[in-house]
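Each chain, letter by letter, is given below.
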Amino acid sequence: MVNNVKHLIDLETFSNEEIMELITLGQKIYKSPEKYSEACKGKILATLFYEPSTRTKFSFESAMLRLGGNILGFSDANTSSVSKGESIADTIRVISYYADIAVMRHPKEGAPKLSSLYSSIPIINGGDGGHLHPTQTLTDLITIHTYKGTLENHVIGFCGDLKYGRTVHSLIKTMARFNTKKFILISPEELTLPNSIKRFLKEKYDVEIQEVRYIEDVIEEIDILYMTRIQRERFFNEEDYLRLKNSYILTKDKIEPAKKDMIIMHPLPRVNEIAYEVDEDSRAKYFDQAKLGMYIRMALIIKLLGVEY
Amino acid sequence: MLEVKQIEKGIVIDHIKSGKGLKIFNKLMLDKSDFPVVLLMNVESKFLGKKDIIKIENSFDIDLNLLGLIDENITINYIEKGKVIEKKKVSIPKEVKGLIKCENPRCITNSDIYAEPTFKLVSTENLEYKCSFCEEITKYKL
(Lines give C-alpha, C1' and ligand atoms only; values in the text may rest on other atoms or scores of the structure.)
Protein backbone atom coordinates (compact mmCIF):
# COMPACT_ATOMS: atom_id res chain seq x y z
CA MET A 1 0.00 0.00 0.00
CA VAL A 2 1.19 3.49 -0.85
CA ASN A 3 0.41 6.55 1.25
CA ASN A 4 0.72 10.32 0.94
CA VAL A 5 -0.43 10.60 -2.65
CA LYS A 6 -3.48 12.76 -3.27
CA HIS A 7 -6.10 11.09 -5.46
CA LEU A 8 -9.60 12.01 -6.57
CA ILE A 9 -11.74 8.94 -6.03
CA ASP A 10 -14.75 10.51 -4.31
CA LEU A 11 -15.46 14.24 -4.08
CA GLU A 12 -16.52 13.69 -0.46
CA THR A 13 -12.80 13.54 0.43
CA PHE A 14 -12.26 17.07 -0.93
CA SER A 15 -13.10 19.98 1.35
CA ASN A 16 -15.25 22.88 0.14
CA GLU A 17 -12.11 25.01 0.09
CA GLU A 18 -10.31 22.50 -2.12
CA ILE A 19 -13.28 22.39 -4.47
CA MET A 20 -13.35 26.19 -4.65
CA GLU A 21 -9.61 26.26 -5.36
CA LEU A 22 -10.15 23.93 -8.31
CA ILE A 23 -13.01 26.05 -9.64
CA THR A 24 -11.01 29.26 -9.31
CA LEU A 25 -7.99 27.74 -11.03
CA GLY A 26 -10.19 26.25 -13.78
CA GLN A 27 -11.69 29.67 -14.43
CA LYS A 28 -8.24 31.29 -14.54
CA ILE A 29 -7.09 28.74 -17.11
CA TYR A 30 -10.29 29.33 -19.11
CA LYS A 31 -9.54 33.04 -19.26
CA SER A 32 -5.82 32.80 -20.04
CA PRO A 33 -5.02 29.29 -21.31
CA GLU A 34 -1.68 30.42 -22.76
CA LYS A 35 -0.31 31.01 -19.27
CA TYR A 36 -0.71 27.31 -18.49
CA SER A 37 0.34 25.82 -21.81
CA GLU A 38 3.56 24.46 -20.36
CA ALA A 39 2.43 23.81 -16.79
CA CYS A 40 2.74 20.05 -17.22
CA LYS A 41 5.60 19.93 -19.69
CA GLY A 42 7.43 16.62 -19.41
CA LYS A 43 4.58 14.99 -17.48
CA ILE A 44 2.56 12.02 -18.69
CA LEU A 45 -1.11 11.26 -18.07
CA ALA A 46 -2.14 7.60 -18.39
CA THR A 47 -5.74 7.13 -19.54
CA LEU A 48 -6.84 3.71 -18.35
CA PHE A 49 -10.25 3.21 -19.91
CA TYR A 50 -11.49 -0.30 -19.18
CA GLU A 51 -14.74 0.61 -20.90
CA PRO A 52 -15.27 3.07 -23.69
CA SER A 53 -16.12 6.68 -22.92
CA THR A 54 -15.09 8.95 -25.75
CA ARG A 55 -16.27 12.12 -24.08
CA THR A 56 -14.48 11.76 -20.75
CA LYS A 57 -11.35 10.36 -22.39
CA PHE A 58 -11.11 13.19 -24.93
CA SER A 59 -11.74 15.76 -22.24
CA PHE A 60 -8.85 14.45 -20.12
CA GLU A 61 -6.53 13.99 -23.08
CA SER A 62 -7.23 17.45 -24.38
CA ALA A 63 -6.73 18.86 -20.87
CA MET A 64 -3.29 17.25 -20.54
CA LEU A 65 -2.18 18.19 -24.06
CA ARG A 66 -3.23 21.82 -23.49
CA LEU A 67 -1.06 21.82 -20.36
CA GLY A 68 1.94 20.81 -22.46
CA GLY A 69 1.95 17.25 -21.14
CA ASN A 70 1.75 13.93 -22.90
CA ILE A 71 -0.69 11.06 -22.79
CA LEU A 72 -0.61 7.31 -23.10
CA GLY A 73 -3.26 4.71 -22.46
CA PHE A 74 -5.90 2.39 -23.77
CA SER A 75 -9.62 2.65 -24.35
CA ASP A 76 -10.61 -0.97 -24.47
CA ALA A 77 -9.97 -3.61 -21.83
CA ASN A 78 -9.42 -6.21 -24.53
CA THR A 79 -6.22 -4.55 -25.61
CA SER A 80 -4.83 -4.38 -22.08
CA SER A 81 -3.43 -7.02 -19.78
CA VAL A 82 -6.75 -7.20 -17.94
CA SER A 83 -7.85 -9.56 -20.69
CA LYS A 84 -5.07 -11.86 -19.43
CA GLY A 85 -6.60 -11.72 -15.93
CA GLU A 86 -4.19 -9.26 -14.30
CA SER A 87 -5.28 -7.48 -11.11
CA ILE A 88 -5.72 -3.71 -11.31
CA ALA A 89 -3.29 -3.51 -8.38
CA ASP A 90 -0.51 -5.02 -10.51
CA THR A 91 -1.43 -2.93 -13.56
CA ILE A 92 -1.27 0.33 -11.62
CA ARG A 93 2.02 -0.53 -9.92
CA VAL A 94 3.60 -0.89 -13.35
CA ILE A 95 1.83 2.13 -14.87
CA SER A 96 3.15 4.20 -11.93
CA TYR A 97 6.65 3.86 -13.46
CA TYR A 98 5.53 5.03 -16.89
CA ALA A 99 3.21 7.91 -16.07
CA ASP A 100 2.97 10.75 -13.53
CA ILE A 101 -0.80 10.72 -13.08
CA ALA A 102 -3.60 8.41 -14.24
CA VAL A 103 -7.31 8.58 -14.91
CA MET A 104 -9.30 5.37 -14.68
CA ARG A 105 -12.74 4.49 -16.06
CA HIS A 106 -13.86 1.02 -15.04
CA PRO A 107 -17.14 -0.92 -15.16
CA LYS A 108 -16.53 -2.37 -11.67
CA GLU A 109 -17.54 -0.18 -8.76
CA GLY A 110 -14.63 0.61 -6.45
CA ALA A 111 -11.96 -0.21 -9.05
CA PRO A 112 -10.34 3.27 -8.98
CA LYS A 113 -10.25 3.11 -5.19
CA LEU A 114 -8.48 -0.25 -5.32
CA SER A 115 -5.91 1.10 -7.73
CA SER A 116 -5.33 4.15 -5.52
CA LEU A 117 -4.33 1.83 -2.67
CA TYR A 118 -1.46 0.47 -4.74
CA SER A 119 -0.49 3.50 -6.79
CA SER A 120 2.45 5.80 -6.22
CA ILE A 121 0.97 8.36 -8.64
CA PRO A 122 -2.32 10.29 -8.30
CA ILE A 123 -5.38 8.41 -9.54
CA ILE A 124 -8.46 10.20 -10.85
CA ASN A 125 -11.75 8.32 -10.89
CA GLY A 126 -13.08 8.75 -14.41
CA GLY A 127 -16.28 6.87 -13.57
CA ASP A 128 -16.75 3.47 -11.91
CA GLY A 129 -19.89 1.66 -13.01
CA GLY A 130 -23.02 3.23 -11.56
CA HIS A 131 -21.11 4.43 -8.51
CA LEU A 132 -19.19 7.72 -8.85
CA HIS A 133 -18.05 10.15 -11.52
CA PRO A 134 -16.47 13.00 -9.55
CA THR A 135 -15.04 14.95 -12.50
CA GLN A 136 -18.55 15.21 -13.96
CA THR A 137 -19.61 16.79 -10.67
CA LEU A 138 -16.65 19.18 -10.82
CA THR A 139 -17.73 20.04 -14.35
CA ASP A 140 -21.23 20.83 -13.10
CA LEU A 141 -19.87 22.91 -10.23
CA ILE A 142 -17.59 25.08 -12.38
CA THR A 143 -20.51 25.64 -14.78
CA ILE A 144 -22.82 26.77 -11.99
CA HIS A 145 -20.15 29.02 -10.51
CA THR A 146 -19.19 30.53 -13.87
CA TYR A 147 -22.74 31.39 -14.92
CA LYS A 148 -24.32 32.13 -11.55
CA GLY A 149 -21.31 33.70 -9.82
CA THR A 150 -21.57 31.52 -6.71
CA LEU A 151 -22.43 27.98 -5.67
CA GLU A 152 -24.60 29.19 -2.80
CA ASN A 153 -28.29 30.01 -2.28
CA HIS A 154 -29.71 28.60 -5.49
CA VAL A 155 -32.99 26.88 -6.23
CA ILE A 156 -31.90 23.85 -8.23
CA GLY A 157 -34.32 21.77 -10.26
CA PHE A 158 -33.40 18.23 -11.27
CA CYS A 159 -35.55 16.74 -13.99
CA GLY A 160 -35.87 13.22 -15.39
CA ASP A 161 -34.35 10.02 -14.04
CA LEU A 162 -33.43 10.86 -10.48
CA LYS A 163 -33.40 7.28 -9.31
CA TYR A 164 -30.51 5.80 -11.27
CA GLY A 165 -28.59 8.89 -12.38
CA ARG A 166 -25.27 8.90 -10.58
CA THR A 167 -24.44 12.40 -11.82
CA VAL A 168 -27.60 13.69 -10.14
CA HIS A 169 -26.90 11.93 -6.83
CA SER A 170 -23.36 13.21 -6.70
CA LEU A 171 -24.26 16.79 -7.66
CA ILE A 172 -27.11 16.94 -5.15
CA LYS A 173 -24.89 15.73 -2.31
CA THR A 174 -22.14 18.16 -3.23
CA MET A 175 -24.40 21.18 -3.77
CA ALA A 176 -25.99 20.55 -0.37
CA ARG A 177 -22.56 21.35 1.12
CA PHE A 178 -22.82 24.84 -0.40
CA ASN A 179 -26.00 26.10 1.28
CA THR A 180 -28.46 25.28 -1.45
CA LYS A 181 -31.71 27.16 -0.89
CA LYS A 182 -33.97 24.46 -2.25
CA PHE A 183 -33.93 21.30 -4.35
CA ILE A 184 -36.87 20.77 -6.67
CA LEU A 185 -37.09 17.19 -7.87
CA ILE A 186 -39.10 16.70 -11.05
CA SER A 187 -39.57 13.08 -12.05
CA PRO A 188 -42.15 10.38 -12.71
CA GLU A 189 -43.10 8.37 -9.65
CA GLU A 190 -41.07 5.42 -10.90
CA LEU A 191 -37.85 7.44 -11.05
CA THR A 192 -37.83 9.57 -7.90
CA LEU A 193 -34.68 10.28 -5.91
CA PRO A 194 -33.85 7.36 -3.56
CA ASN A 195 -35.14 7.86 -0.01
CA SER A 196 -31.67 7.29 1.42
CA ILE A 197 -30.43 10.45 -0.32
CA LYS A 198 -33.48 12.48 0.68
CA ARG A 199 -33.00 11.40 4.27
CA PHE A 200 -29.30 12.25 4.11
CA LEU A 201 -30.09 15.75 2.80
CA LYS A 202 -32.71 16.38 5.45
CA GLU A 203 -30.71 15.05 8.38
CA LYS A 204 -27.32 16.47 7.50
CA TYR A 205 -28.22 19.78 5.86
CA ASP A 206 -31.90 20.35 6.65
CA VAL A 207 -32.33 21.63 3.12
CA GLU A 208 -35.78 22.16 1.61
CA ILE A 209 -36.84 19.52 -0.89
CA GLN A 210 -39.91 19.71 -3.10
CA GLU A 211 -41.01 16.81 -5.29
CA VAL A 212 -43.24 17.38 -8.28
CA ARG A 213 -44.30 15.52 -11.40
CA TYR A 214 -44.40 18.32 -13.94
CA ILE A 215 -41.83 20.92 -14.83
CA GLU A 216 -44.49 23.52 -15.71
CA ASP A 217 -45.54 23.69 -12.06
CA VAL A 218 -42.17 24.92 -10.84
CA ILE A 219 -40.26 26.40 -13.77
CA GLU A 220 -40.69 30.02 -12.64
CA GLU A 221 -38.92 29.38 -9.38
CA ILE A 222 -35.82 27.59 -10.67
CA ASP A 223 -32.32 29.15 -10.90
CA ILE A 224 -30.56 26.09 -12.26
CA LEU A 225 -32.35 23.39 -14.24
CA TYR A 226 -30.44 20.11 -14.52
CA MET A 227 -31.92 17.82 -17.16
CA THR A 228 -31.25 14.07 -17.45
CA ARG A 229 -32.18 11.38 -19.88
CA ILE A 230 -35.02 8.97 -19.16
CA GLN A 231 -34.11 5.55 -20.43
CA ARG A 232 -36.72 3.29 -21.93
CA GLU A 233 -35.36 0.25 -20.09
CA ARG A 234 -36.10 1.83 -16.70
CA PHE A 235 -39.82 1.33 -17.25
CA PHE A 236 -41.79 -1.82 -16.70
CA ASN A 237 -43.82 -1.35 -19.83
CA GLU A 238 -43.70 0.56 -23.07
CA GLU A 239 -47.06 2.20 -22.38
CA ASP A 240 -45.80 3.99 -19.26
CA TYR A 241 -42.67 5.09 -21.04
CA LEU A 242 -44.55 6.59 -23.98
CA ARG A 243 -47.04 8.26 -21.66
CA LEU A 244 -44.35 9.88 -19.54
CA LYS A 245 -41.51 10.69 -21.85
CA ASN A 246 -43.13 13.77 -23.39
CA SER A 247 -43.66 15.28 -19.96
CA TYR A 248 -39.93 15.30 -19.48
CA ILE A 249 -38.88 16.84 -22.77
CA LEU A 250 -37.81 20.44 -22.43
CA THR A 251 -39.18 22.74 -25.12
CA LYS A 252 -39.10 26.44 -25.88
CA ASP A 253 -42.67 26.79 -24.61
CA LYS A 254 -41.90 25.17 -21.29
CA ILE A 255 -39.01 27.53 -20.51
CA GLU A 256 -40.89 30.62 -21.63
CA PRO A 257 -42.04 31.56 -18.09
CA ALA A 258 -38.64 30.74 -16.55
CA LYS A 259 -36.27 33.34 -15.08
CA LYS A 260 -34.20 35.19 -17.63
CA ASP A 261 -30.99 34.23 -15.86
CA MET A 262 -31.88 30.59 -15.26
CA ILE A 263 -29.34 28.17 -16.67
CA ILE A 264 -30.09 24.80 -18.28
CA MET A 265 -27.58 22.02 -17.76
CA HIS A 266 -27.25 18.43 -18.97
CA PRO A 267 -24.38 15.95 -18.50
CA LEU A 268 -24.72 14.83 -22.15
CA PRO A 269 -25.21 12.78 -24.25
CA ARG A 270 -28.68 14.13 -24.92
CA VAL A 271 -31.16 12.02 -26.81
CA ASN A 272 -34.48 13.81 -26.98
CA GLU A 273 -35.01 15.27 -23.52
CA ILE A 274 -34.06 18.76 -24.64
CA ALA A 275 -35.60 19.85 -27.93
CA TYR A 276 -33.06 21.21 -30.42
CA GLU A 277 -34.92 24.52 -30.49
CA VAL A 278 -33.76 25.15 -26.90
CA ASP A 279 -30.10 25.17 -28.00
CA GLU A 280 -30.54 28.68 -29.38
CA ASP A 281 -31.76 30.03 -26.03
CA SER A 282 -29.08 31.93 -24.13
CA ARG A 283 -29.98 30.00 -21.00
CA ALA A 284 -28.86 26.69 -22.55
CA LYS A 285 -25.42 25.99 -21.08
CA TYR A 286 -24.92 22.27 -21.71
CA PHE A 287 -22.31 22.67 -24.41
CA ASP A 288 -20.44 25.30 -22.40
CA GLN A 289 -20.62 22.80 -19.56
CA ALA A 290 -18.66 20.25 -21.61
CA LYS A 291 -16.10 22.92 -22.46
CA LEU A 292 -15.70 24.00 -18.83
CA GLY A 293 -15.28 20.34 -17.91
CA MET A 294 -11.99 20.32 -19.74
CA TYR A 295 -10.77 23.40 -17.84
CA ILE A 296 -11.59 21.99 -14.43
CA ARG A 297 -9.83 18.76 -15.44
CA MET A 298 -6.79 20.88 -16.31
CA ALA A 299 -6.98 22.46 -12.86
CA LEU A 300 -7.33 19.04 -11.25
CA ILE A 301 -4.29 17.64 -13.07
CA ILE A 302 -2.21 20.66 -12.01
CA LYS A 303 -3.32 20.38 -8.37
CA LEU A 304 -2.84 16.63 -8.08
CA LEU A 305 0.58 16.76 -9.74
CA GLY A 306 1.54 19.64 -7.47
CA VAL A 307 3.26 21.49 -10.31
CA GLU A 308 4.06 25.20 -10.15
CA TYR A 309 1.68 27.38 -12.13
CA MET B 1 -21.97 -37.43 30.78
CA LEU B 2 -19.46 -36.91 27.97
CA GLU B 3 -16.23 -35.44 29.34
CA VAL B 4 -13.54 -33.47 27.65
CA LYS B 5 -10.42 -32.62 29.62
CA GLN B 6 -9.41 -29.07 30.43
CA ILE B 7 -6.98 -27.49 28.03
CA GLU B 8 -3.57 -26.21 29.21
CA LYS B 9 -3.22 -23.38 26.75
CA GLY B 10 -5.55 -22.05 24.10
CA ILE B 11 -9.01 -20.61 23.59
CA VAL B 12 -12.44 -21.70 24.78
CA ILE B 13 -15.37 -20.20 22.92
CA ASP B 14 -18.25 -20.52 25.35
CA HIS B 15 -21.97 -19.73 25.51
CA ILE B 16 -22.55 -20.43 21.85
CA LYS B 17 -26.26 -20.77 21.22
CA SER B 18 -27.04 -24.42 20.66
CA GLY B 19 -26.89 -25.25 16.96
CA LYS B 20 -24.51 -22.45 15.99
CA GLY B 21 -21.33 -24.24 17.06
CA LEU B 22 -20.83 -26.12 13.82
CA LYS B 23 -21.38 -22.98 11.77
CA ILE B 24 -18.73 -21.16 13.79
CA PHE B 25 -16.44 -24.17 13.51
CA ASN B 26 -16.75 -23.99 9.73
CA LYS B 27 -16.51 -20.18 9.52
CA LEU B 28 -13.28 -20.23 11.53
CA MET B 29 -12.08 -22.99 9.21
CA LEU B 30 -11.10 -25.10 12.18
CA ASP B 31 -11.39 -28.24 10.07
CA LYS B 32 -8.16 -27.14 8.43
CA SER B 33 -6.29 -26.55 11.68
CA ASP B 34 -3.32 -28.69 12.65
CA PHE B 35 -3.82 -28.20 16.40
CA PRO B 36 -6.31 -30.06 18.63
CA VAL B 37 -9.85 -28.71 18.41
CA VAL B 38 -13.02 -29.93 20.11
CA LEU B 39 -16.60 -28.99 19.27
CA LEU B 40 -19.12 -29.76 21.98
CA MET B 41 -22.77 -29.56 21.08
CA ASN B 42 -25.90 -29.40 23.22
CA VAL B 43 -24.05 -29.13 26.50
CA GLU B 44 -26.22 -28.24 29.51
CA SER B 45 -26.17 -24.57 30.40
CA LYS B 46 -27.63 -22.65 33.34
CA PHE B 47 -28.44 -19.60 31.24
CA LEU B 48 -29.08 -20.99 27.80
CA GLY B 49 -30.54 -24.39 28.64
CA LYS B 50 -28.33 -25.88 26.00
CA LYS B 51 -25.19 -24.48 24.50
CA ASP B 52 -22.29 -25.33 22.22
CA ILE B 53 -18.61 -24.94 23.15
CA ILE B 54 -15.46 -24.92 21.03
CA LYS B 55 -12.06 -25.62 22.60
CA ILE B 56 -8.93 -24.82 20.67
CA GLU B 57 -5.61 -26.03 22.08
CA ASN B 58 -2.17 -24.46 21.59
CA SER B 59 -3.22 -21.50 19.51
CA PHE B 60 -4.23 -17.89 20.02
CA ASP B 61 -3.79 -17.02 16.40
CA ILE B 62 -7.41 -17.04 15.25
CA ASP B 63 -9.47 -14.12 13.96
CA LEU B 64 -12.43 -14.06 16.32
CA ASN B 65 -13.84 -10.80 14.97
CA LEU B 66 -16.67 -12.56 13.20
CA LEU B 67 -18.01 -14.15 16.39
CA GLY B 68 -19.75 -10.90 17.28
CA LEU B 69 -21.62 -11.14 14.02
CA ILE B 70 -22.89 -14.60 14.80
CA ASP B 71 -23.96 -14.35 18.40
CA GLU B 72 -23.48 -11.48 20.83
CA ASN B 73 -23.70 -13.74 23.89
CA ILE B 74 -20.54 -15.65 23.12
CA THR B 75 -17.71 -15.50 25.66
CA ILE B 76 -14.09 -16.08 24.73
CA ASN B 77 -11.76 -17.46 27.40
CA TYR B 78 -8.04 -17.36 26.90
CA ILE B 79 -6.33 -20.16 28.82
CA GLU B 80 -2.72 -20.35 29.95
CA LYS B 81 -1.36 -23.11 32.26
CA GLY B 82 -4.87 -24.48 32.62
CA LYS B 83 -6.27 -21.17 33.96
CA VAL B 84 -8.40 -18.47 32.41
CA ILE B 85 -6.12 -15.47 31.93
CA GLU B 86 -8.59 -13.33 30.03
CA LYS B 87 -12.34 -13.37 29.50
CA LYS B 88 -13.81 -11.43 26.63
CA LYS B 89 -17.36 -10.72 25.58
CA VAL B 90 -17.74 -10.41 21.86
CA SER B 91 -19.37 -7.44 20.23
CA ILE B 92 -20.64 -6.63 16.77
CA PRO B 93 -17.54 -5.49 14.91
CA LYS B 94 -17.58 -1.88 13.66
CA GLU B 95 -15.27 -2.81 10.84
CA VAL B 96 -15.06 -6.11 9.06
CA LYS B 97 -12.34 -7.21 6.67
CA GLY B 98 -12.55 -10.24 4.45
CA LEU B 99 -15.30 -12.06 6.34
CA ILE B 100 -18.27 -10.84 4.33
CA LYS B 101 -18.80 -10.91 0.59
CA CYS B 102 -20.21 -7.73 -0.96
CA GLU B 103 -23.71 -8.31 -2.30
CA ASN B 104 -23.18 -5.93 -5.19
CA PRO B 105 -22.23 -8.07 -8.21
CA ARG B 106 -20.62 -5.04 -9.87
CA CYS B 107 -18.31 -4.43 -6.90
CA ILE B 108 -14.59 -4.79 -7.61
CA THR B 109 -14.21 -7.01 -4.51
CA ASN B 110 -16.12 -9.72 -6.35
CA SER B 111 -13.72 -9.86 -9.27
CA ASP B 112 -10.26 -8.71 -8.22
CA ILE B 113 -8.19 -10.86 -5.90
CA TYR B 114 -6.39 -7.83 -4.42
CA ALA B 115 -9.60 -6.16 -3.33
CA GLU B 116 -10.23 -7.47 0.17
CA PRO B 117 -13.89 -6.82 1.03
CA THR B 118 -13.85 -4.16 3.74
CA PHE B 119 -16.98 -2.93 5.48
CA LYS B 120 -18.13 -0.40 8.04
CA LEU B 121 -21.10 -1.08 10.29
CA VAL B 122 -24.07 1.17 9.49
CA SER B 123 -26.88 -0.58 11.36
CA THR B 124 -26.35 -2.66 14.48
CA GLU B 125 -29.99 -3.66 14.49
CA ASN B 126 -30.02 -5.19 11.02
CA LEU B 127 -26.32 -6.08 10.83
CA GLU B 128 -25.92 -3.87 7.79
CA TYR B 129 -22.45 -3.12 6.51
CA LYS B 130 -21.37 -0.54 3.94
CA CYS B 131 -18.73 -1.65 1.46
CA SER B 132 -15.74 0.67 1.47
CA PHE B 133 -15.21 0.13 -2.26
CA CYS B 134 -18.66 0.46 -3.84
CA GLU B 135 -20.61 1.85 -0.80
CA GLU B 136 -23.46 -0.63 -1.31
CA ILE B 137 -25.05 -2.08 1.82
CA THR B 138 -24.61 -5.76 2.57
CA LYS B 139 -26.65 -7.46 5.24
CA TYR B 140 -24.72 -10.06 7.20
CA LYS B 141 -26.21 -13.51 7.30
CA LEU B 142 -24.56 -16.48 8.94
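Residue positions are given per chain, counting from 1 as you read along its sequence in written order. Numbering of ligands from 1 and lettering of chains from A proceed in the order in which they are written. Residues qualify for local features only when their pLDDT is at least 70, as the model is predicted, and side-chain atom pairs are given and counted only at 80 or more; totals for whole chains, interfaces and linings, by contrast, use all residues. Excluding hydrogens and water, the side-chain figures rest on all heavy atoms present in the structure.

(A) Representation of the packing of helix α5 (residues 134-148) of chain A against helix α10 (residues 286-305) of chain A in the model. Residues and elements named next belong to chain A. In this description, a line fitted to the C-alpha atoms serves as the axis of each element, helices being fitted only across the stretch in contact, and the angle between N-to-C directions of two axes falls anywhere from 0 to 180 degrees. By definition, any uninterrupted DSSP run of H or I lasting at least four residues is a helix, any uninterrupted run of E lasting at least two residues is a strand, and each is numbered from the N terminus. At a minimum axis separation of 8 Å, α5 and α10 run at an interaxial angle of 110 degrees. On the basis of the axis angle, α5 is roughly perpendicular to α10. The chirality of how α5 crosses α10 is right-handed. Along its contact with α5, which presents T135, Q136, L138, T139, D140, I142, T143, T146 and Y147, the element α10 presents D288, Q289, L292, G293, I296, R297 and L300. Residue polarity follows a fixed list, in which Ala, Val, Leu, Ile, Met, Phe, Trp, Tyr, Cys and Pro are nonpolar, Asp, Glu, Lys and Arg are charged, and the others, Gly among them, are polar. Of the residues that constitute the contact of α5 with α10, the class distribution is 6 nonpolar, 7 polar and 3 charged. We call two directions roughly parallel when the angle between them is under 35 degrees, roughly antiparallel when it is over 145, roughly perpendicular when it lies between 65 and 115, and oblique otherwise. By convention, the crossing between two helices is left-handed when the near helix turns anticlockwise from the far helix through less than a right angle, and right-handed when the turn is clockwise. Only heavy atoms matter for contacts: two residues are in contact if any of them lie within 4.5 Å across the pair.

(B) Seen up close, the confidence of the model for chain B. All names here are of chain B. Per-residue confidence for chain B gives a mean pLDDT of 88, with 98% of residues at or over 70. Note: pLDDT gives the predictor's confidence per residue, expressed from 0 to 100. Least confident of the elements in chain B is helix α2 (residues 67-70), whose mean pLDDT is 82; most confident is strand β8 (residues 128-131), at 94. Interface scoring of the predicted complex returns ipTM 0.87; its pTM is 0.87.

(C) Spotlight on the packing of aromatic side chains. Residues and elements named next belong to chain A. Two rings from Phe, Tyr or Trp (for Trp, the six-membered ring) form a pair when their centres are within 6.5 Å of each other. A pair whose planes differ by under 30 degrees is stacked, one over 60 is edge-to-face, and the rest are tilted. Enumeration according to the criterion identifies 7 aromatic pairs over all chains in this entry. Ring geometry for Y30 and Y295: centres 5.0 Å apart, planes at 55 degrees, overall tilted. Of this pair, Y30 sits in helix α1 (residues 16-31) while Y295 is found in helix α10, placing the two residues 265 residues apart along the sequence. Each residue is placed in one exposure class: buried if its accessible area under a 1.4 Å probe, protein chains only, is under 20% of its type's maximum, exposed if it is over 50%, and partly exposed if it falls in between. On the basis of relative accessible area, Y30 is assigned to the partly exposed category, the value being 28%.

(D) Local environment of the interface of chain A and chain B. Between chain A and chain B, the residue contacts involve 18 residues of the former and 13 residues of the latter. As used here, buried area is the combined drop in accessible area, with a 1.4 Å probe, of two parts when they are placed together. Counting the surface chain A buries against chain B, the share from its top three residues, K108(A), E109(A) and L114(A), is 45%. Salt bridge criterion: a side-chain nitrogen from Lys or Arg within 4 Å of a carboxyl oxygen from Asp or Glu. On inspection of chain A and its partner chain B, the count reaches 1 salt bridge. We note a salt bridge from R106(B) to E109(A), for which the minimum N-O separation is 2.8 Å. We call two N or O atoms a polar contact when they sit within 3.5 Å, provided that within protein one can donate a hydrogen and the other can accept it, with sequence-adjacent residues counted only if both atoms are side-chain atoms. Linking chain A to chain B there are 10 residue pairs in polar contact (both at pLDDT 80 or more). When contributions to the side of chain A that touches chain B are tallied by element, the ones reaching two or more residues are α3 (88-98) and α4 (111-118) of chain A. Counting residues per element, the side of chain A that touches chain B draws most heavily on α4(A), at 5 residues. A breakdown of the residues in the side of chain A that touches chain B according to their chemical character gives 8 nonpolar, 4 polar and 6 charged.

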